[in-house]
Amino acid sequence: MKLDLLVFAVHPDDAELGCSGTIMKHIALGKKVGIIDFTKGELGTRGTAQTRAAESEKSTKILGLDYRANLGFRDGFFKNDESHQLVLIQQIRKFQPEIILTNALHDRHPDHGRAGDLANDAIFLSGLRKIETQWEGENQDAWRPRLVLQYIQDRYIEPDIIVDISDFMDRKMQSIRAFATQFDSGDNTEPETYISQPGFLDSTVGRAREFGKIIGTQYGEGFTSRKLLGTHNLFELL
Ligand SMILES: [Zn+2]
């Protein structure tokens, strides 16, 4: 299956927090979109790998994704090394996406930056034809997407581009709240965490408002880019 847009996320719920509005917007435009989560989030203070998987399934339906998979890397201890890079190279070549979105390169949680670096290194290496990989017994062709962006998640980072997600903000919050063990403080008796405090989701909404305000819309999602962004058409820009 070919995907137009592929999202890499180290924890189930990272894609929802960082870029679910952009995901739904592009699905509504007829693009094929998938998420590949690296770990099951088994080290999370609240919930378990099983509850996270069920929550992830619920969110996948809200987003309307064409594809979602979990690579089962070790939460907290995965490495940016050859064996992990080769797994990602296989996935990039299998789905041949035009655009890849990844975790922030610098963030509060060390997994996020390491996953962002791992994804970026694998994306570069995936374009080198002398790195040979197979999928289901077939040799894979080299592939590199034409655009790679990092979504913004735990803390404010100055974006290089902002996507208008005004029509999708309600469903973005629904997809985040699908991870009830992580964000719902209601009758949960597990310990409070950085992301389970009510103020955390308030800050997610506040940031979307702030990014929206900057580009003259109600809500937005910001992304950073390692390279200068270009366009074929100035009229597509807001
Ligand atoms: Zn995370």
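**Thoughts on the coordination of the zinc ion**
Protein-derived ligands of the zinc ion are H11 (ND1), D14 (OD) and H112 (NE2), with the metal-ligand distances lying across 2.1 to 2.2 Å. Going along the chain, you hit the donors of the zinc ion in the pattern H-x2-D-x97-H. Here D14, found in helix α1 (residues 14-28), pairs with H112, found in helix α4 (residues 110-126); they are 98 residues apart in sequence, far enough to count as distant. Under the relative-accessibility criterion, D14 is labelled buried at 2%.

**Structural notes on the layout of surface pockets**
Within this model, the largest pocket holds a volume of roughly 1300 Å³. Around the largest pocket sit 29 residues that line it, and H26, I99, L147, I161 and E236 are the ones nearest its centre. Among the elements that take part in the lining of the largest pocket, strand β8 (residues 161-164) stands out by supplying 4 residues, more than any other. Of the residues belonging to the lining of the largest pocket, the class tally is 15 nonpolar, 6 polar and 8 charged. Taken as a whole, the second largest pocket encloses approximately 320 Å³ of empty space. The wall of the second largest pocket is formed by 20 residues, among which G44, R108, H109, Q182 and I195 lie closest to the centre.

**Observations concerning empty space enclosed by the protein**
On inspection of all chains with the given rule, the structure shows 1 cavity of 30 Å³ or more. A volume near 110 Å³ is recorded for the largest cavity. In terms of lining, the largest cavity is formed by L17, G18, I152, Q153, K172, T204, R207, A208, F211, G220, E221 and G222. Breaking the lining of the largest cavity down by element, the ones donating at least two residues are α1, α7 (198-215) and β9 (220-224). Taken together, the residues of the lining of the largest cavity sort by class into 4 nonpolar, 5 polar and 3 charged.

**Digging into the environment of F73**
Secondary-structure assignment places F73 in strand β3 (residues 67-73). Sequence-wise, F73 and G137 are 64 residues apart; in three dimensions their C-alpha atoms are separated by 23 Å. Apart from the residues lying within four places of it in its own chain, the contact partners of F73 are F38, T39, K40, E42, F78, H84, V87, L88 and L118.

**Some details on the environment of G206**
Tracing the sequence through the fold places G206 in helix α7. On the basis of relative accessible area, G206 is assigned to the partly exposed category, the value being 33%. Each C-alpha atom of the pair G206 and Y219 lies 9.0 Å from the other, and the pair is 13 residues apart in sequence.

**A word on helix α3 (residues 82-95)**
For α3, which comprises 14 residues, the first-to-last C-alpha distance of 20 Å matches the rise-based estimate of 20 Å (1.5 Å per residue) to within 8%. For α3, the full list of buried residues reads H84, Q85, L88, I89, Q91, I92, R93 and F95. Where the residues of α3 are buried, they touch β1 (5-9), β2 (33-39), β3, β4 (99-102), α4 and β5 (134-135). Of the residues one or two after α3, Q96 is the one with positive phi, at around 45 degrees.

**Things to note about the packing of aromatic side chains**
Applying the stated criterion to the full structure yields 6 aromatic pairs. Plain terms: the ring middles of F8 and F38 are 5.5 Å apart, the flat faces sit at 50 degrees to each other, and that makes the pair tilted. Highlighted residues: F8 in strand β1 and F38 in strand β2, separated in sequence by 30 residues. Here the two residues F8 and F38 agree in accessibility, since each one is buried. Summarising the aromatic geometry, the rings of Y67 and F95 are spaced 4.6 Å apart at their centres and angled 50 degrees between planes, so their arrangement reads as tilted. A residue pair is termed long-range when its members are at least 10 positions apart, and Y67 in strand β3 and F95 in helix α3 qualify at 28 residues. Directly above the ring of Y194 sits R108, whose terminal nitrogen or CZ lies 3.6 Å from the centroid. Note that R114 overlies the ring of F78, its terminal NZ or CZ placed 4.2 Å from the centroid.

How each quantity is defined
Residues numbered from 1 in each chain as written. Predicted model: local features only at pLDDT ≥ 70, side-chain atom pairs only at ≥ 80, totals over all residues. Heavy atoms only, no water. Donors = N, O, S within 2.8 Å, 3.2 Å for Na, K, Ca; no water. Helix = DSSP H or I, 4+ residues; strand = E, 2+ residues; numbered from the N terminus. Buried < 20%, exposed > 50% of the residue type's maximum accessible area, 1.4 Å probe, protein only. 1 Å grid on protein atoms, 1.4 Å probe; cavity = no way out; pocket = protein on both sides within 12 Å on 5 of 7 lines; lining within 4 Å. Points joined across faces, edges and corners; volume = space filled by probe spheres on them. Nonpolar A, V, L, I, M, F, W, Y, C, P; charged D, E, K, R; others polar. Contact = heavy atoms within 4.5 Å. Expected span 1.5 Å × (residues − 1). Phe/Tyr/Trp six-rings, centres within 6.5 Å; stacked < 30°, edge-to-face > 60°. Lys NZ or Arg CZ within 6 Å of the ring centre and 35° of its normal.

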